[in-house]
Amino acid sequence: MVLAAGLGTRMRPLTDTTTKALITVGGKALIDHVLDRLAEAGVEEAVVNVHHFADQVEAHLAARAFPRISISDERAELLDSGGGIQHARPLLGEDPIFVANIDSIWIEGKTPALESLKRVWDPAKMDVALLLVPRGQGIGFEGPRGFFMDAEGRLTHSAEPEPPTPYANVGFQIIKPEVLDGAGEGAFSMVPIWRDLAARGRLYGAVMDAFWMHVGDPAAREAAEARLR
């Protein structure tokens, strides 16, 4: 599941005429960076949700041969992260899935980042596994929000400035769609679900050794372009 429906307000004025998913970095649209990473990790089918400039996104994706793309249409209502996945469940099925934001790119380290996430995944003891990056190993970090990890890999989410969290969320995760059972319809975030799973010891993480770039606004885009050059 690729979450590409957002308005991209912090990317304005670039998103006044297109959607954030189609902003280019290093000569490639953000959504193609994401889909290429997923394809490298073995993903054969992807569901992409659309809302802002939805026709542009659909036309762009029509040119891709791999992975195979299905569209989850949110033109009527923007549904946030959890609501977007919930709306797409008829297309996704009920087996564990990757979920990816479209504003994260990275320069791989020794181990491909999504391989690190796949290796951690253990459905017997976890319901969600997040891909994380150590503080200081990237650009585009904002605010104190992040995660603590215990010796077993279990996560605790925090938005408090003290003590500082050692890990930031990259925007890629593996989830069991069933974690959305009972959440209802309409717009809602995944963050309360993470917190509930963390309290029950069912939220885990994998730490990438890649250099992460969060492309959240025009300045971050320029910084990512410079880093890639």
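Our subject is the structure that appears above.
All residue numbers refer to position in the chain's written sequence, counted from 1. Two thresholds apply to this predicted model, a pLDDT of at least 70 for residue-level local features and 80 or more for giving and counting side-chain atom pairs, whereas whole-chain, interface and lining totals are computed over all residues. To obtain the side-chain values, all non-hydrogen atoms of the structure were used and water was disregarded.

Chemist: Could you clarify how one ought to interpret the side chain of His52 in this entry?
Modeler: Mapped onto the elements of the fold, His52 is located in the loop between strand E4 (45-50) and helix H2 (54-61). Any residue under 20% of the maximum accessible area for its type is buried, any over 50% is exposed, and the rest in between are partly exposed; the area is computed with a 1.4 Å probe on protein chains only. In this structure His52 comes out as buried when scored by relative accessible area, which is 16%. By the criterion applied in these results, polar contacts are pairs of N or O atoms within 3.5 Å in which, for protein atoms, one can donate a hydrogen and the other can accept it, and in which residues neighboring in sequence qualify only through two side-chain atoms. Here Thr15 takes part through its backbone oxygen, which lies 3.2 Å from a polar atom of the side chain of His52. Numbering of helices and strands runs from the N terminus; a helix is a DSSP stretch of H or I covering at least four residues, while a strand is a stretch of E covering at least two.

Chemist: Sorry if this is basic, but what is going on with the side chain of His214 here?
Modeler: Turning to its location among the elements, His214 is positioned in strand E14 (residues 211-214). Any two residues whose heavy atoms approach within 4.5 Å at even a single point are treated as in contact. Not counting residues up to four positions away in its chain, the partners in contact with His214 are Asp103, Ile139, Gly140, Glu142 and Ala220.

Chemist: I'm lost on the packing of helix H1 (residues 30-40) against H2 in this one. Help?
Modeler: Relative orientation and spacing of two packed helices are given, respectively, by the angle between their axes and the distance between those axes. Note on method: axes are straight lines fitted to C-alpha atoms, helices fitted across the in-contact stretch only, with angles between N-to-C directions ranging 0 to 180 degrees. It is at 11 Å that the axes of H1 and H2 come closest, and there the two elements cross at 45°. It follows from the interaxial angle that H1 and H2 lie oblique. Two packed elements cross with a definite hand, and for H1 against H2 that hand is right-handed. The segment H1 lies against H2, with Ile31, Asp32 and Leu35 engaging Val57, His60 and Leu61. For the contact of H1 with H2, the residue count by class is four nonpolar, one polar and one charged. Orientation categories follow fixed angle ranges, with anything under 35 degrees roughly parallel, anything over 145 roughly antiparallel, 65 to 115 roughly perpendicular, and all other angles oblique. Should the near helix be turned counterclockwise from the far one by less than a right angle, the crossing is left-handed, whereas a clockwise turn marks it as right-handed. Three categories are distinguished: nonpolar for Ala, Val, Leu, Ile, Met, Phe, Trp, Tyr, Cys and Pro, charged for Asp, Glu, Lys and Arg, and polar for the others, with Gly belonging to the last.

Chemist: Would you mind showing me how to read the packing of aromatic side chains here?
Modeler: The relation between two aromatic rings is expressed through the spacing of the ring centres and the mutual angle of the planes. Pairing of aromatic rings covers Phe, Tyr and Trp, the last through its six-membered ring, and needs centres within 6.5 Å; plane angles under 30 degrees mean stacked, over 60 mean edge-to-face, and all others mean tilted. Applying the stated criterion to the full structure yields two aromatic pairs. A centroid spacing of 5.0 Å and a plane angle of 75° characterise the contact between Trp106 and Phe172, whose relative ring orientation is edge-to-face. Of this pair, Trp106 sits in strand E7 (residues 104-107) while Phe172 is found in strand E12 (residues 167-175), placing the two residues 66 residues apart along the sequence. Here the two residues Trp106 and Phe172 agree in accessibility, since each one is buried. Ring centres of Phe147 and Trp194 lie 5.8 Å apart, and the angle between their planes is 65°; on these two criteria the pair is classed as edge-to-face. Of this pair, Phe147 sits in strand E10 (residues 146-149) while Trp194 sits in helix H5 (residues 191-199); the two residues are 47 residues apart in sequence, bridging distant segments of the chain. Since its relative accessible area comes to 7%, Trp194 is described here as buried.

Chemist: Before we go on, may I ask you to explain the nonpolar core in this structure?
Modeler: The nonpolar side chains of soluble globular proteins are, as a tendency, buried together. Among buried residues, the Ala, Val, Leu, Ile, Met, Phe, Trp, Tyr and Cys ones that are joined through side-chain atoms within 4.5 Å form a nonpolar core. Grouped together as the largest cluster of nonpolar side chains are 38 residues, with contacts concentrated most on Ile31, Leu38, Trp106, Leu114, Leu131, Phe172 and Met208. When contributions to this core are tallied by element, the ones reaching two or more residues are H1, E4, H2, strand E6 (97-101), helix H4 (113-120), strand E8 (128-134), E12 and strand E13 (203-207).

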